[in-house]
Amino acid sequence: MKLKQLEGILGSLQQFENPKIELEQYPTGPHIASRLLYTAENSFGDVSDKVVADFGCGCGTLGLAAGLLGAEHVIGFDIDAESIEIASSNAEELEIDMDFVQCDIRNLRLSDRTIDTVVMNPPFGTRKKGADMDFLSVALKVASQAVYSLHKTTTRDHIKRTALREYNASSAEVLCELRFDVPQLYKFHKKKEVDVAVDLWRFVPKNSR
Amino acid sequence: MRLLTHNMLSSNIKGVTNGFPLRIEVEKMVEKEVELNMDFLKNMFAKVEWRALVEASRSMGYSELPDEADSSMLDSDEFLRKFHHALLELHLEEGALVCPETGRKFPVNKGIPNMLLHEDEV
Ligand SMILES: C[S@@+](CC[C@H](N)C(=O)[O-])C[C@H]1O[C@@H](n2cnc3c(N)ncnc32)[C@H](O)[C@@H]1O
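Just so it is clear, the model here is predicted, and its values are computed rather than measured.

Let us now look at the side chain of A:Gln145. Residue and element names in this part refer to chain A. Mapped onto the elements, Gln145 comes out in strand β5 (residues 143–152). Accessibility expressed as a relative area gives 14% for Gln145, which makes it buried. Engagement of the side chain of Gln145 in a polar contact is seen with the side chain of Asp46, the distance being 2.8 Å.

Here is the structure:
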């Protein structure tokens, strides 16, 4: 599948109806989502025939993109039932078989290394400080192959240091810098959307195959 | 929810040490056919908890998996078909996952297990 084609399909998906600001529910846009999965597949072979988990799956864009690129088994994890419902109907629409688990990522217990690849757009931690780091720490515990994630560019040094020193990553690499439209995150902002610089990361856990 | 997902989930209640495998209570299950991917199965065989998969598939009414299995069986097409069916084609739609240590039930609705904890379980 071509990148443009993937982006087109993702653009047709249903998004959050009543986004819950405290959970940082904003969609991962089709531009970013398609590039994340396309790179994971075509540059690193981390998607097709793999078990892929989407952490904080929201309406399912990242996980479904993995399914479209040939992942064998995709699981979406989110704390919010309403989002999972939308994601699940998106999956039906695309005829992609995707599993979902409603849970809080912070106290999820998964067996180690059954999941090959984790893809995620974690909460950036603007509402709950450190939320993105909680996601990253769990992701690096369960993935056997790679973790793809988006984090604010302003936190780049901190992310790299923490991933390598504390979260058992053997490598942490920024693949590219992107612009992300984050809607209404700050009450004091007059504009409806703020354009935030975001890094697309690839982390490799230690003991990866 | 497929049994592959079940095979990696544990009870996450605070203080529970033997939270795996979650027992399955079935109210409704469905079967969905998917193409068999031999390389994937061979790769997964090394990772799945076999006993848990056998028990899970039995509670879903499928009792074709042998109690014990080793990698030499992967040469048999028949074995691969059964493994494939149990792992990827059986879906728990309605029912519950039950913590083996405390008996706490995690409900499954429309195929989605709810693993959220109550405040006193975190
Ligand atoms: C930035 S959104 C990701 C959107 C998603 N990638 C999409 O395209 O729809 C963050 C998601 O994380 C979920 N979330 C926030 N805190 C969570 C937690 N502690 N555990 C699990 N999910 C959480 C939110 O419900 C939200 O769907």
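Still to come is the rest of the account.
Residue and element names in this part refer to chain B. Relative to the helices and strands, Lys42 is located in helix α2 (residues 38–45). A residue is classified by how much of its surface remains accessible, and Lys42, at 35% relative accessible area, is partly exposed. For the pair Lys42 and Asp75, spaced 33 residues apart in the sequence, the C-alpha separation amounts to 9.5 Å.

One pass over the full model with this rule turns up 20 salt bridges over all chains. Among the charged side chains, a salt-bridge network with shared partners connects B:Arg51, B:Glu55, B:Arg58 and B:Asp67.

This brings us to the UniProt feature "domain: Methyltransferase small" (unreviewed entry) in chain A. As recorded in UniProt, the feature "domain: Methyltransferase small" (unreviewed entry) lies at residues 48–129 of chain A. In residues 48–129 of chain A, helix accounts for 27% and strand for 27%; the two terminal C-alpha atoms are 34 Å from one another.

The next subject is the packing of aromatic side chains. For the structure on display, the rule yields twelve aromatic pairs over all chains. Judged by centre distance (5.8 Å) and plane angle (80°), the rings of A:Tyr26 and A:Phe180 are edge-to-face. Highlighted residues: A:Tyr26 in the loop between α1 (3–11) and α2 (30–42) and A:Phe180 in strand β6 (residues 169–183), separated in sequence by 154 residues. Its relative accessible area of 2% is what places A:Phe180 among the buried residues. An angle of 55° between the planes, with centres 5.7 Å apart, marks the rings of B:Phe45 and B:Trp50 as tilted. Comparing B:Phe45 with B:Trp50, the two get one shared label, buried. Following the ring pairs from residue to residue traces out a cluster consisting of B:Phe45, B:Trp50, B:Phe79 and B:Phe83. Sitting over the ring of A:Phe44, A:Arg202 keeps its end group 4.0 Å from the ring centre.

To continue, consider the pairing of strand β2 (residues 90–98) of chain B. In summary, the side chains of a regular strand alternate between the two faces of the sheet. All names here are of chain B. With eight of its nine residues buried, β2 lies for the most part within the structure. With eight bridges connecting them, strand β1 (residues 23–31) and β2 associate as antiparallel partners. Paired with Lys28 across the strands is Glu94, a residue of β2. In terms of strand pairing, β2 meets strand β3 (residues 105–109) through four bridges, oriented antiparallel. Across the sheet, residue Ala96 finds its bridge partner in β3, namely Pro107.

What counts, and at which threshold
- Residues numbered from 1 in each chain as written.
- Chains lettered and ligands numbered in written order.
- Predicted model: local features only at pLDDT ≥ 70, side-chain atom pairs only at ≥ 80, totals over all residues.
- Heavy atoms only, no water.
- Helix = DSSP H or I, 4+ residues; strand = E, 2+ residues; numbered from the N terminus.
- Buried < 20%, exposed > 50% of the residue type's maximum accessible area, 1.4 Å probe, protein only.
- Polar contact = N/O pair within 3.5 Å; in protein donor to acceptor, adjacent residues only side chain to side chain.
- Salt bridge = Lys/Arg side-chain N within 4 Å of Asp/Glu carboxyl O.
- UniProt positions renumbered as here; feature names shortened; annotations may be inferred.
- Phe/Tyr/Trp six-rings, centres within 6.5 Å; stacked < 30°, edge-to-face > 60°.
- Lys NZ or Arg CZ within 6 Å of the ring centre and 35° of its normal.
- Pairing = 2+ DSSP bridges.

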